[in-house]
Amino acid sequence: MKNINLYKHLSIITVCILLLIGMNKVVLAGPLTVEGTLSLHEDTKGGFIWTLPDQVGEIFTPMLTIHPSYLLVLDEEKVSKTDDLMMTTHHYFFTILEKQSQMPIALLDIQFRLFLKGDVSYHLSLSQASEDTHLKNLVSQNVTPPSTMDLGLTWAVLESFADGKDTNHIKIDDLFQITYANVINNTTSQWAPLLMTDFLQPVASRSDTFVLPKTAVFSNQMRFGMVDVYTLLDANVIVENLELSPTTLLTKRISGRKWTARLPLPKSETHQTLTEHWGIMSSNHISPFTHNQDPIIAQDIRIADLNRFRKLRTDGIYYEVPSSYIPYAPRAYWRVPAEHIGQRFVSSIQNQKKRGLQVTNTYLETLSIMSLNHSLPQQNDIGFWITEPKSRWLYDDYGIEAGFYDTRFSTDAALFIMDMYLYHKDMHYEGIPHLSSEDSNRLMTSLTAYADFLLWYADRFSFVTKNGGLLIQDYYHPTLPHAPTHVSLNHLVTEMNFLLSYSLLLDRQNDSNQKYPYLELAAKIQTAVQDTGTDWIKDNHDLWYAYMPDGSYGLLDYPRLTRNDLMISLVLLETVFGEKDPIFQMLVQSKENYLIKNNLPLW
């Protein structure tokens, strides 16, 4: 994340300091407004208040405050508004000065994202003002947690209730959290209502303020995240320091409540560090428990788990780092190039609508749009998405360094972009198209770039079967030579599925003449699977995971992933070529026989 280089903006800071001499607060000439959609005002105590647009602004008011010993200096020249795909991003940069010395202490980056249907997300990132901290590339050792400094920096969101009624007790009957048993995962986690016994109450002598559990909390119209304190490692790897994360607060107000996140400044002599906090405010409802429970959406949000199991940042979604990756540390996360969460969410919306269900919850759509805007900037000029950390396994077996191409992750990223394009291209909201012609062209350009890269890659990094089929290798480094890699069945058929889907998309757009190179490669992959058909099947009817560089088969297959990919292939092959493929059917049936025989679930 880019920080303000204070010394490149001395003129701005000098002007601010001159304005602040003898004062306790930052002075703005008036509200700072970007095209009337979002406005920023100074309050009477040196903090800032945002006015949100339209209906969401009638419910929520975000505000930023700091202890009087420090000053919040807004860099007005850096305030920006960017029109992204189906969302608008408003960006604010602050420098925090120690009041007495006027020395810069910290940098605060705040982003608001405004979405089509009225949701507004915010993301805060706080870091030290200096930028010369060295990043260490750790293999498998503990990272010393940073220290923290209390600046009295507080982010609060005031929420007003529509009925305007005041009660003697704070409203908590719409609050829910994801809870874990012994480990942080999304298979055993559960939704749970937030009960009064979950609060540490009261705060000091105040009976109207309660300490929330150290977790993300969902209300009817808000997702209020925990405060994360991160240590930054190399290759976009971050380490969670849960013990340093302050608890968040909930305060009763007349006809409403106040959500508060306290933001400590992390400091380390060996690593860069950040404090981050994000949330979503909505004029719709985003909780799966509003009115009646929506079990599908509740499961989607729980499985996604952007709280502890995964982390959401402004540039993507981060997963726990496998112990075979470098750098590695306990409770470390890395940015995955495939936007699986966005893909799950948009698929869920489509499936529900196909069943005639009305999807009124906007959380899934908002996160899928956010994911789309994460994915596009990560696609490189060659056309694929890079995996940034180093895999010890791939390095030991094939000599592949960090920054490599993973065919599955990149193909999944492209499939997600295609799903978003197909879902949104003909949709309108209040007469406004979801995608402008420029947006549509940008998505098609992305898909074409990846499809063309696959043509180039398959021609150079494949094993050729007896009838001219291509077994495309799983991994590739764009700049450093390495040995040929294995070919996993799930990677291979997913590449074919993308090419077939892209060809169908070109048909819909009356670009049929453009599809033939992609269909030709898809057919060569199909031929490769037909040529090797029974070789994939083990004696116990399970499937081998991969074709190895020496011509053998090996490695342990996933329980259901490859079977599911093959089932998608069956549908696409029949749609495009007009007939079922018996070899693909045989592989699906063999895998299902194995699952049934071993009492393993089919789904």
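The following refers to the structure shown. Bear in mind that the values here come from a model prediction, so they are computed numbers and not experimental data. (Residues numbered from 1 in each chain as written. Predicted model: local features only at pLDDT ≥ 70, side-chain atom pairs only at ≥ 80, totals over all residues. Heavy atoms only, no water.)

## Let's talk about the sheet that holds strand β35 (residues 487–488)
Item 1. If you trace the 3 strands from one edge of the open sheet to the other, you get β35-β36-β37, paired in antiparallel fashion. Of all strands in the sheet, those bounded by a partner on one side alone are β35 and β37 (553–556).
Item 2. Sheet topology places strand β36 (residues 544–547) next to β37; 3 bridges connect them, and they run antiparallel. Paired with Tyr 547 across the bridge in β37 is Tyr 553. (Pairing = 2+ DSSP bridges. Helix = DSSP H or I, 4+ residues; strand = E, 2+ residues; numbered from the N terminus.)

## Description of the side chain of Ser 368
Item 1. If you trace the backbone, Ser 368 turns up in helix α5 (residues 363–378).
Item 2. For Ser 368, the residues in contact, after removing those within four places along its chain, are Gly 342, Phe 345, Val 346, Phe 416 and Met 420. (Contact = heavy atoms within 4.5 Å.)

## A closer look at the side chain of Asp 300
Item 1. Tracing the sequence through the fold places Asp 300 in helix α3 (residues 295–304).
Item 2. In this structure Asp 300 comes out as buried when scored by relative accessible area, which is 4%.
Item 3. Separated by 3.0 Å, the side chains of Asp 300 and Arg 344 make a polar contact.
Item 4. What Asp 300 contacts, discounting residues up to four positions off in sequence, is Arg 344, Phe 345, Ser 348, Gln 352 and Leu 364. (Buried < 20%, exposed > 50% of the residue type's maximum accessible area, 1.4 Å probe, protein only. Polar contact = N/O pair within 3.5 Å; in protein donor to acceptor, adjacent residues only side chain to side chain.)

## Examining the pairing of strand β8 (residues 104–115)
Item 1. Across the 12 residues that make up β8, a large majority, 12, are buried.
Item 2. Direction of pairing for strand β7 (residues 87–98) relative to β8: antiparallel, over a ladder of 11 bridges. Counterpart to Phe 93 in the pairing with β8 is Asp 109.
Item 3. Linking β7 to β8, which pair antiparallel, is a turn of 5 residues; within it Gln 102 sits at a positive phi near 65 degrees.
Item 4. Two elements, β8 and strand β9 (residues 120–128), share 9 bridges in a ladder whose sense is antiparallel.

## Details of the environment of Glu 365
Item 1. As for its placement among the helices and strands, Glu 365 is situated in helix α5.
Item 2. In this structure, the C-alpha to C-alpha distance between Glu 365 and Lys 117, residues 248 residues apart in sequence, is 9.2 Å.
Item 3. Excluding anything up to four places from it in sequence, Glu 365 contacts Lys 117, Ile 349, Tyr 423, His 424 and His 434.

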